[in-house]
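One-letter residues, chain by chain:
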Amino acid sequence: MSLPKRVVFIGPMGAGKSTIGRMLAKEIGYRFLDSDRVIEDRCGANIPWIFDVEGEEGFRQRESAMLEELSHEHQTVLATGGGAVMRPENHKALKHDALVVYLKTSLEQQVERTRKDRNRPLLQTDNPEEVLRNLFAIRDPLYTQLADIIMHTDRKSPRLVVRQLVNRINPRTPRHKRQIRKEGRNHV
Ligand code: S3P
């Protein structure tokens with residue numbers, strides 16, 4: 001089996017898309033891109049500033065344009081923002097030439113991993129847990145619908161997630177193939 005042209009990570013804030021994406025890229029010799037960081041570089045400003053000045057709508061427009069642009073970059077691993085799945089027009093760009101991996105993460109883990117974060121405008125409220133719960137209720141069906149592979153990340157180190165993923169996308173040995181059959185079609 002040959003490697004997909006692109007691997008695209010989707011999932012909620014705090015799922016580990018950037019950490020796991022960067023490690024996977026190194027492992028398979030692909031370039032790593034994070035759509036939020038590319039937006040920030042282009043714009044010369046960080047995400048909180050963009051939300052502040054242009055509103056969420058302004059950020060979403062930049063995000064859609066960036067996802068479309070990056071959909072043509074081959075041999076890349078792309079980490080996307082948690083809201084990338086919200087606009088139907090983004091779905092084509094996310095799926096284009098890509099193996100889409102949903103990093104599925106419990107609400108507890110999302111809360112824990114984003115607790116001290118000041119760079120996620122949507123979570124700068126009195127009750128970030130409620131925000132994460134509400135977003136997850138809306139977005140989980142979209143992540144699931146778009147995913148080729150659903151990776152459960154709770155109680156797993158990033159290293160283990162990457163190893164399981166490499167085995168999934170490039171099963172070199174019969175042992176790996178047996179493991180995949182045992183684990184089911186797209187849940188790891
Ligand atoms: C967002 C997630 C963030 C970033 C922005 C909005 C969201 O990315 O794109 O703050 O709507 O869930 P991460 O998922 O990388 O934190």
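Residues numbered from 1 in each chain as written. Predicted model: local features only at pLDDT ≥ 70, side-chain atom pairs only at ≥ 80, totals over all residues. Heavy atoms only, no water.

### Observations concerning the site of the ligand
Reasoning step 1: Near the ligand, the surroundings consist of 13 residues, among which K17, D36, R60, R120 and R139 are the closest.
Reasoning step 2: Measuring from an oxygen atom of the ligand, one finds a side-chain N or O atom of D36 at 2.8 Å.
Reasoning step 3: A distance of 2.6 Å is found between an oxygen atom of the ligand and a side-chain nitrogen or oxygen belonging to R120.
Reasoning step 4: Here the ligand, which alone exposes 380 Å², has 95% of that area covered by the protein.
Reasoning step 5: Here the element with the most residues in the shell around the ligand is helix α3 (residues 47-70); it accounts for 3 residues.
Reasoning step 6: A per-class count over the shell around the ligand returns 5 nonpolar, 3 polar and 5 charged. (Near = heavy atom within 4 Å. Polar contact = N/O pair within 3.5 Å; in protein donor to acceptor, adjacent residues only side chain to side chain. Areas by Shrake-Rupley, 256 points an atom, 1.4 Å probe, with all protein chains shown as cover. Helix = DSSP H or I, 4+ residues; strand = E, 2+ residues; numbered from the N terminus. Nonpolar A, V, L, I, M, F, W, Y, C, P; charged D, E, K, R; others polar.)

### Here's the deal with the packing of aromatic side chains
Reasoning step 1: Inspection of every chain in the model, using the stated rule, returns 2 aromatic pairs.
Reasoning step 2: Residues F51 and F59 carry aromatic rings whose centres are separated by 5.0 Å and whose planes lie at 35° to one another, so their mutual orientation is tilted.
Reasoning step 3: Accessibility expressed as a relative area gives 3% for F59, which makes it buried.
Reasoning step 4: Centroid distance Y102 to Y143: 4.9 Å. Interplanar angle 40°. Geometry classified as tilted. Separated by 41 residues along the polypeptide, Y102 in strand β4 (residues 98-104) and Y143 in helix α6 (residues 128-146) bring together distant segments of the chain. Of the two residues, Y102 and Y143, both sit in the buried class. (Phe/Tyr/Trp six-rings, centres within 6.5 Å; stacked < 30°, edge-to-face > 60°. Buried < 20%, exposed > 50% of the residue type's maximum accessible area, 1.4 Å probe, protein only.)

### Focus on the sheet that holds strand β3 (residues 76-79)
Reasoning step 1: Strand order in the open sheet formed by 5 strands is β2-β3-β1-β4-β5, and the pairing between neighbours is parallel. Of all strands in the sheet, those bounded by a partner on one side alone are β2 (31-34) and β5 (149-152). Recorded for the sheet is a direction-independent mean angle of 20° between the axes of neighbouring strands.
Reasoning step 2: As paired elements, strand β1 (residues 6-10) and β4 share 5 bridges and run parallel to each other. (Pairing = 2+ DSSP bridges. Axes fitted to C-alpha atoms, helices over the stretch in contact; angles between N-to-C directions.)

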